[in-house]
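# Per-entry structural report
Each chain, written out:
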Amino acid sequence: MDREKTGIVLEGGGHRGIYSAGVLDVLRENGILTDGIIGVSAGAVHGASYVSGQTGRSVRYTEKYCRDKRYMSVHSLFTTGDLFNAEFCYHEIPEKLDPYDNDAFESSPAAFYVTCTDVLTGRPVYHRCRTLRGKEMLWMQGSASMPLASRVVAVDGYKLLDGGVADSIPLKAFENMGYIKDIVILTQPAGYEKKKNPLLPLIRIGMKKYPALVHAMAIRHIRYNEELADAERQAADGRILLIRPSKHLNVSRTEKDPEKIRGLYNLGRQDALSQLERVKHFLSW
């Protein structure tokens, strides 16, 4: 009988996603690489460094540039249309300032998927990236582009924004791809419940060209809470392994305090180390 394929499912959360980077770094440092990884928004960004084996990279550049207006700023939003400057984040950093190891990514045995939202349908799109060179980086950008704070990203005939709008925790999608034995890494602690977006009136005005996207954003909290409940049920049944912050740290999606970012990253490391033997047992390592 064939071995069940192992996977990691990564929620987004902007700079809260640095928690996942801490967890992933501990896994790689202990030689743990699953068959597949699927990430949403920041989860996809940090998952890419896990695949390339570049431990410490995510927290290093996030700490260094979180206060840099070239990286994330209202200035960037008004001058480029993106709160997180696309040229700086997806080209200047990975190509020059903190080089991304595409060779390692391309030679990795792990399959890597990003989750985006199709703004014309409001539905999720799951794309396998075999490289992050050229236009393939646009899939990463699309996954992490927040509505109202980013331009729509066009690639391969799609118009894309933040994958979390349509599928924040793509566990079911990954199971349908054949990844049955999954670790799900969340960026909110136990007891979290997503509320209706208070910016919906503004979203309805700002995104009126994309009514399906507006609808997806209006019901996002319902979908999220249903997916979270499903993940918790599966974790209780032992079908998946759930890792999430063991305590609440006040870190926002657009956090600019390097100490808070490092603290959340360290919490991810601590939580991963505390569950390392469970992870190995779960994956049958």
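Notes on the structure follow. Here, residues in each chain are numbered from 1, in the same order as that chain's written sequence. For this predicted model, a pLDDT threshold of at least 70 governs which residues receive local features, and a threshold of 80 or more governs which side-chain atom pairs are given and counted, while totals over whole chains, interfaces and linings are taken from all residues. Where side-chain values are given, they derive from all heavy atoms of the structure, hydrogens and water being excluded.

### Some remarks on the pattern of salt bridges
- By convention in these notes, a salt bridge is any Lys or Arg side-chain nitrogen within 4 Å of a carboxyl oxygen on Asp or Glu. One pass over the full model with this rule turns up 16 salt bridges.
- Here E29 and R269 are joined by a salt bridge, their closest N and O atoms 2.8 Å apart. Of the two residues, E29 sits in helix α1 (residues 18-29) while R269 sits in helix α12 (residues 258-274), which places them 240 residues apart along the sequence.
- When the shortest N-O distance is used, the salt bridge between R57 and D98 registers 3.7 Å. Here the residue R57 occupies a position in helix α3 (residues 57-65), and D98 occupies one in the loop between α5 (86-97) and α6 (102-107), the gap between them amounting to 41 residues. Like R57, the residue D98 is buried in the burial classification. Secondary structure elements are defined from DSSP: runs of H or I of at least 4 residues count as helices, runs of E of at least 2 residues count as strands, and each element is numbered from the N terminus. Burial here depends on accessible area, computed with a 1.4 Å probe over protein chains only, as a share of the maximum for the residue type. Under 20% is buried, over 50% is exposed, and the range in between is partly exposed.

### Side note on the pairing of strand β1 (residues 5-10)
- Here β1 lies mainly inside the structure; five of its six residues are buried.
- A strand pair is defined by DSSP finding two or more bridges across the two strands. Where β1 and strand β7 (residues 179-185) come together, six bridges link them in parallel fashion. For L10, the partnering residue across the bridge sits in β7 and is I185.
- For β1 and strand β2 (residues 36-40), the ladder comprises four bridges, and the chain directions are parallel. Considered in β2, the bridge of L10 is made with G39.
- The handedness of a crossover follows from its direction of travel: if, with the strands pointing away from the viewer, the path from the first strand over the helix to the second runs clockwise, the crossover is right-handed. In this fold, the crossover linking β1 to β2 by way of α1 has right-handed handedness.

### Describing helix α11 (residues 220-236)
- Between its first and last C-alpha atoms α11 spans 24 Å; for 17 residues at 1.5 Å apiece the expected length is 24 Å, and the two agree.
- Of the positions making up α11, those classed as buried are R220, H221, Y224, N225, L228, D230, A231 and Q234.
- Contacts between residues were defined by any pair of non-hydrogen atoms, one from each residue, lying within 4.5 Å. Against β6 (158-162), α8 (171-176), α10 (211-218) and β8 (240-243) lie the buried residues of α11.
- Backbone geometry just downstream of α11 places G238 in the positive-phi region, at approximately 80°. Multiply 1.5 Å by the residue count of a helix minus one, and that product is the helix's expected span.

### Thoughts on the side chain of K194
- Mapped onto the fold, K194 is located in the loop between β7 and α9 (200-206).
- Buried charge without a salt bridge: K194, with E11 as the nearest opposite-charge side chain at an N-O distance of 6.0 Å.
- In the analysis that follows, any N or O atom pair within 3.5 Å is treated as a polar contact, provided that within protein one partner can donate a hydrogen and the other can accept it, and provided that, for residues neighboring in sequence, both atoms belong to side chains. There is a polar contact of 3.5 Å between the side chain of K194 and the side chain of Y192. Neither His nor the chain ends contribute to the count of charged residues, in which Lys and Arg are positive and Asp and Glu negative.

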